Every structure is written in structure tokens, then in C-alpha cells.
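Residue-level listing of the chains:
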2 protein chains.
Amino acid sequence: MPQPSAPRKTRGRPPRFSREEVVATARRIVDEDGVDRLTMRRLATEVGSTPMALYHHVRNKEELLLLLLDDHAARTLRRPELPAHPRERIIVAAAAIHEALAACPWIVEVLTADDLMSASALWFVEQIVDGLVECGLTPERAVHGYRAVWYYTAGEIVVRATAARRRADADDADADAYADRATYRERVFADLDPDELPRLARIADDWAPLTAEDTYLDGLRALVDGLLVSR
Amino acid sequence: MPQPSAPRKTRGRPPRFSREEVVATARRIVDEDGVDRLTMRRLATEVGSTPMALYHHVRNKEELLLLLLDDHAARTLRRPELPAHPRERIIVAAAAIHEALAACPWIVEVLTADDLMSASALWFVEQIVDGLVECGLTPERAVHGYRAVWYYTAGEIVVRATAARRRADADDADADAYADRATYRERVFADLDPDELPRLARIADDWAPLTAEDTYLDGLRALVDGLLVSR
DNA sequence: ACCTGAACACCGTTCAAGT
DNA sequence: ACCTGAACACCGTTCAAGT
């Protein structure tokens, strides 16, 4: 959540540019040329300054990227009309997040395998498609079902790998920036407004252990069950 | 699929090291110190040579990473005993891929949000958890259900973004390496053995258009349906 | 055919100094 | 308090030359 700029002391040299300007310029660069082209040096020149001046406004590039993500979420996420039925509510809410993320693919612009991670995996793909067909799906629906399974699987891996990496980095004494980030969720959960977000507030203390559990297979079974229900 | 090294012409200076040695050394570096520490310079010194000698064995670093992934898949994916029931077969096959990928998280060692992409998203998380509880799940199961939805969603985004990026790069005339990679799947699908992989062989021609379709919502509905079935 | 050394065109970040 | 210039310790890759 972007803090409204802290109460500025009036002493000392006045800033030539603000953190907001830095983030806005960074956003423009990313929108125009992609996240790869966002370098501290280019950002500095586009903001009319030198690389090191940026480090007075952001701790490092990692923090800049987090600010950029937050900025994007704040300006993109729109609360949709909620259907009365809870099941539809789930769909609508998830689809809204999905839509927002889809609008800024640079977040995950990285090496992740497409549907085919390697020829060695084809046999496994065959088993999945075949199983779905044997369960009564058309071949077309079976391919789509496989894709869903792959999405779910890839997502689980990415999320877990990232979480693990952060934990490892947080344990690293020198990496203070990471330690700050690791506690970010804790701070947010501690400040939850029980009136606005009652479910999350009630479960806040259990969130970390619950999400640390390995529930990949549960979710996978649910997804497959769901795919097999004729609709 | 790694070609067995092409028939070597006996003329000319004999190689000091092989492509296999390069990949094996790269694998060791990645296993020991993570993918970030794999640089062409370090790889060169560990292989007892100079950076530029590597470029005689691999086109560039991107190709090296692909070789590494292929190498990993070839040595990690083991075909499990298949249960008779097709639904269980799906689970087992997918879990096997999952297990293989989980063993090399460096593949996706990148910036991807954990479960909390931003404080702005909390409201959406609340809607999902609340909807699941209203549908009869315990709060604990609801949190796990939300995680499943998040995994699926993050995976869809990552996979689609990567595919889109590759398509964009392939259109770039200068980026021949990417163009080669874009046709990799086509070559594999053209060579499918209908006896070994009958489903895939039969659907090969439709694979590209089918997987280009946006089926995010279908899969999401299936996953949610499945999560709501009491098991 | 295979390998080398030097160089190019970059990075993020630190340090010491300036206003 | 805020900004600068120079430098450090790197990158991946190209080029021209050597054996």
C-alpha cells in the first residue's frame, strides 16, 4: 500500500523530484519498452537526474519493482458488481484479479516453460489427455483440461519457489531488504479491519501455517473432479 | 530433446571439451549456487577455458538454459506405476511432473508474487475465502481453496505471458534463436509416434489453435466446482 | 575447427565529496 | 537533506587473431 508521502521536514535541501515521479516514470518505461529496459541509469536520465539520486527515494531496484506492482494494482483493480450467489462471487473476484494481472504481464516476464517443458514430458501429457478422454471428455475438452492442470501446476511451483527463495534470502543476515518484505504480509494481516475483511481478520493468525501446508494434491483433485463434471 | 552429438568430422583441431561437459558443469553450478550465479564467465573458468570457447558449443546463454532444462527433465522424470482408474492416472501423471519440477525450482526462480500481490488485492481474497465458507467449507479448507485458485491463476498468467513474449520475439527478425524455439513444439508434434502417444498424435494438428483459446474461466469454474464437492 | 585476448556496451551499487 | 561524479565489480557478446 503506497504510503501518502510522510510529513516532510522543511529543513534541508528541497527535493528535485518525488518518489511518485520516479514510480510514474518507471511505469512509463515499462509500458513502452518492457521491464527488461527498466534500468536505474535510464530511469535516472528520464527523470532528469543521476542514478544515485534515485537511491535517495528507493532503497534499491527490487523495491522499485515492488512499488511498481503496488502502483499497478492500485490503479487497475476495480471492485466489480458482485453476484448474489457465492459461487459466482468467487468466479467474479478471481477473474478480476486475473484481469488485472493479465494487463501487466511484465510482472512474470520470465523463463517459464510453455505447455511443453520438454519432449520428455510428452508421455505424461498423453496420460492426462487420455485419462480425460476416457472419463468422457471430447478430445478438445481434454486438451483444455490438460492446460488447466498445467496452469495450476505451474502456478503452484512458481508461487512456492518464490516463497522459498524469499525465506532463504530473509535468513541471510545481510539481506535486510528481503527481511522487510518477508514481514510485509505479517504487518498487513496485523492491521486488518475486521469490519471490512472479516474472514481474513478471523483467520489472520493461522494464515502463515495454513499456506505453508502442501495442498497441491488436494487442489489438483478438486480441479480434476471439476473438469469431469459435465456442465 | 538433446540430439546425440552429430557425427563428428575428424578434420580440424580436436575439441578440448564437449557440449555435455558444458551442460554438466552448468548443472553443478546451478545446483550448488543457484541459477543467478550461472554466468558464462564462471562456467568458462570452471570448465577450464575462456568465455568465448563456450560459444562454440552453445549459441548463447538462453540455449544453455534450455539445454539445462532438458537435461533435468531427462534425468528426473520417471514413469510411475499407473493406477487402473483413469482419474487416478491423471493425478499420478500430473504429480510426477510436479515432483520433477519441484526438484528444480530454479526454472522459475523469478519475481512472482507470493499469495499477496499487494494490499489492494486483499478485498478480493476476502471475497474468495468468504464465498468458499458460505458454500460450506471450513475456514481452513477455504484458505487452501483460495490458494488453489491463486496457483491456477498465477500459472495461467505466467504461461500465457511467456508464450506471448516468445511469439513477439519470434516475430523479431533478428532473433533467430527464438524463432527456432517457437517451432520446436511443431517439430516435436510432427514426429509423434501414434503408437506411443496416440491421443497427442491424433490431436497434433489442432494443438496450437486449441491451446491458443482462452479457457481460463472454464478451468476456474471446474476448479471451484471441484473444491466445493465434499470429499 | 577450435580456442584465445582484448574490447564493447552495458549493469546495480558504493563511496566520498559537493551544495 | 539532497544530489553528483567517479569508481567498483560485474555482465553477455562481438571481433580479430592465433594454432
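Computed from a predicted structure; not experimentally measured.

Conventions adopted
Residues numbered from 1 in each chain as written. Chains lettered and ligands numbered in written order. Predicted model: local features only at pLDDT ≥ 70, side-chain atom pairs only at ≥ 80, totals over all residues. Heavy atoms only, no water. UniProt positions renumbered as here; feature names shortened; annotations may be inferred. Helix = DSSP H or I, 4+ residues; strand = E, 2+ residues; numbered from the N terminus. Phe/Tyr/Trp six-rings, centres within 6.5 Å; stacked < 30°, edge-to-face > 60°. Buried < 20%, exposed > 50% of the residue type's maximum accessible area, 1.4 Å probe, protein only. Near = heavy atom within 4 Å. Polar contact = N/O pair within 3.5 Å; in protein donor to acceptor, adjacent residues only side chain to side chain. Nonpolar A, V, L, I, M, F, W, Y, C, P; charged D, E, K, R; others polar. Core = buried A, V, L, I, M, F, W, Y, C linked by side-chain atoms within 4.5 Å. Contact = heavy atoms within 4.5 Å.

(A) Expanded view of the UniProt feature "domain: HTH tetR-type" (unreviewed entry) in chain A. When the UniProt feature table is mapped onto this chain numbering, "domain: HTH tetR-type" (unreviewed entry) sits at residues 16-76 of chain A. Structurally, residues 16-76 of chain A comprises 69% helix and 0% strand, and the distance from its first C-alpha atom to its last is 29 Å.

(B) The packing of aromatic side chains, seen in detail. Overall, the coordinates contain four aromatic pairs over all chains when judged by the stated rule. On the basis of an interplanar angle of 20° and a centroid distance of 5.4 Å, the ring pair of Tyr152(A) and Tyr216(A) is categorised as stacked. Linking Tyr152(A) in helix α7 (residues 139-171) with Tyr216(A) in helix α11 (residues 216-228), this pair joins segments that are 64 residues apart in sequence. We note that Tyr152(A), like Tyr216(A), is buried. Ring pairing ties together the aromatic residues Tyr151(A), Tyr152(B) and Tyr216(B), which thus form one cluster.

(C) The arrangement of the protein's contact with DNA strand C in detail. Looking at DNA strand C, there are 22 residues lining it, with Arg41(A), Met52(A), Tyr55(A), Arg16(B) and Ser49(B) nearest. Sugar and phosphate atoms represent 57% of those atoms of DNA strand C found within 4 Å of the protein. The side chain of Thr50(B) places a nitrogen or oxygen atom 3.2 Å from a phosphate oxygen of DNA strand C. For the surface near DNA strand C, a count of residues per class yields nine nonpolar, seven polar and six charged.

(D) Here's a closer look at the protein's contact with DNA strand D. Taken together, 22 residues lie around DNA strand D, and Arg16(A), Ser49(A), Arg41(B), Met52(B) and Tyr55(B) are the ones closest in. Taking all atoms of DNA strand D within 4 Å of the protein, the share assigned to sugar and phosphate is 56%. Residue Arg41(B) places a side-chain N or O atom 2.3 Å away from a base oxygen belonging to DNA strand D. In the environment of DNA strand D, a phosphate oxygen lies 2.5 Å from a nitrogen or oxygen atom belonging to the side chain of Tyr55(B). Elements represented by at least two residues in the surface near DNA strand D include exactly α3 (51-54) of chain A together with α2 (40-46) of chain B.

(E) Expanded view of the nonpolar core. Among the nonpolar cores identified, the biggest contains 64 residues, and Tyr152(A), Trp207(A), Leu223(A), Tyr152(B), Trp207(B) and Leu223(B) are the most heavily contacted of them. Mapped by element, the contributors of at least two residues to this core are α6 (122-134), α7, α10 (198-212) and α11 of chain A together with α6 (122-134), α7 (139-171), α10 (198-212) and α11 (216-228) of chain B. When sequence neighbours within four positions are dropped, the list of residues in contact with Tyr152(B) reads Ala148(A), Tyr151(A), Tyr152(A), Thr215(B), Tyr216(B), Gly219(B), Leu220(B) and Leu223(B).

(F) Broad picture of the environment of Leu132(B). Residue and element names in this part refer to chain B. With respect to the element layout, Leu132 can be found in helix α6. Relative accessible area serves as the criterion here: at 1%, Leu132 is assigned to the buried category. It is 5.4 Å that separates the C-alpha atoms of Leu132 and Ala142, two residues lying 10 residues apart in sequence.

(G) Summary view of the environment of Ala142(A). Residue and element names in this part refer to chain A. By the element assignment, Ala142 lies in helix α7. For Ala142 and Val229, which are 87 residues apart along the polypeptide, the C-alpha to C-alpha distance reads 13 Å. The residues touching Ala142, leaving out its near neighbours within four places in the chain, are Val129, Leu132, Val133 and Leu137.

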